[in-house]
Amino acid sequence: MSLPNRPTKILCVGRNYRAHAEELGQDVPTEPLIFLKPPSSLLANGDAIRLPRGAGRVDHEGEIAVVVGRRAHRVGEDEAFSYLAGVVPANDVTARDLQRKDSQWTRAKGFDTFCPVGEPVPLDPEEWPDLVVRTRVNGELRQEGRVSDLVFSLPFLLAYVTRIMTLEPGDLLLTGSPPGVAPLQAGDRVEVEIPGVGTVENPVEEASA
Ligand code: MG
């Protein structure tokens, strides 16, 4: 399968792994902390992440993402998986200094090339709880997370989000970053792998002036 269309929304969840919240010096939220990345931030496997000039530290956040299969509005947790078509590795690239500077994250999360996404495969609800995501930079393991470590489960997230906004087929939901976020440098290659699902791998370059 492939992403059917440019999504109308890329929904993300912040601090959805306890250990990642701790490494940022933040508390785990008591309800999901959600934000959006613009569809213009999408990047295909193999294309270059561009580091914005003057943005300071830019981090990888390797995450497990899901693709919405049909219009989802006020979905119940018990039916959540029937609204989801695919699972895919994604990288919620983040300009960390700008995230700390701004009171909301549109700039820090929204640059062009800041959302590498791989090729989705069908989502098997039976296999979902066992999925793992690993992020490597230049072959070195930086992050590892498990679905079982998510603070808010996928069915809970889908029910929560679709009480706020309707999700359309092709929309993406990124489930949050495990610990180990670290800066990217020009010349790096960053790879987010969900074993048994796929990989998205991208070189890192300075943006042109
Ligand atoms: Mg993230």
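Residues numbered from 1 in each chain as written. Predicted model: local features only at pLDDT ≥ 70, side-chain atom pairs only at ≥ 80, totals over all residues. Heavy atoms only, no water.

(A) Quick peek at the sheet that holds strand 12 (residues 140-146). The sheet built from five strands is open, its strands ordered 4-15-14-11-12 with mixed pairing. Each edge of the open sheet carries a strand with a single partner, namely strand 4 (49-51) and strand 12. Adjacent strand axes in the sheet meet at a mean angle of 20°, parallel and antiparallel pairs treated alike. In this structure, strand 11 (residues 132-137) lies alongside strand 12, joined through six bridges in antiparallel fashion. Looking at the pairing, V132 lines up with R146 of strand 12. (Pairing = 2+ DSSP bridges. Helix = DSSP H or I, 4+ residues; strand = E, 2+ residues; numbered from the N terminus. Axes fitted to C-alpha atoms, helices over the stretch in contact; angles between N-to-C directions.)

(B) Representation of the environment of R189 in the model. Relative to the helices and strands, R189 is located in strand 14 (residues 189-194). Of the residues examined, R189 reaches a relative accessible area of 39% and is grouped as partly exposed. For the pair R189 and A48, spaced 141 residues apart in the sequence, the C-alpha separation amounts to 9.0 Å. Here R189 is in contact with R136, V137, N138, E201, N202 and P203, once residues within four sequence places are set aside. A distance of 2.9 Å separates polar atoms of two side chains, one belonging to R189 and the other to E201. (Buried < 20%, exposed > 50% of the residue type's maximum accessible area, 1.4 Å probe, protein only. Contact = heavy atoms within 4.5 Å. Polar contact = N/O pair within 3.5 Å; in protein donor to acceptor, adjacent residues only side chain to side chain.)

(C) Seen up close, the pairing of strand 1 (residues 10-14). Of all five residues making up strand 1, five are buried, and the element is well covered by its neighbours. The two faces of strand 1 match: I10, C12 and G14 on one face and L11 and V13 on the other face are all buried. In this sheet, strand 2 (residues 33-37) lies alongside strand 1 in antiparallel orientation, the contact comprising five bridges. Paired with V13 across the two strands is I34, which belongs to strand 2.

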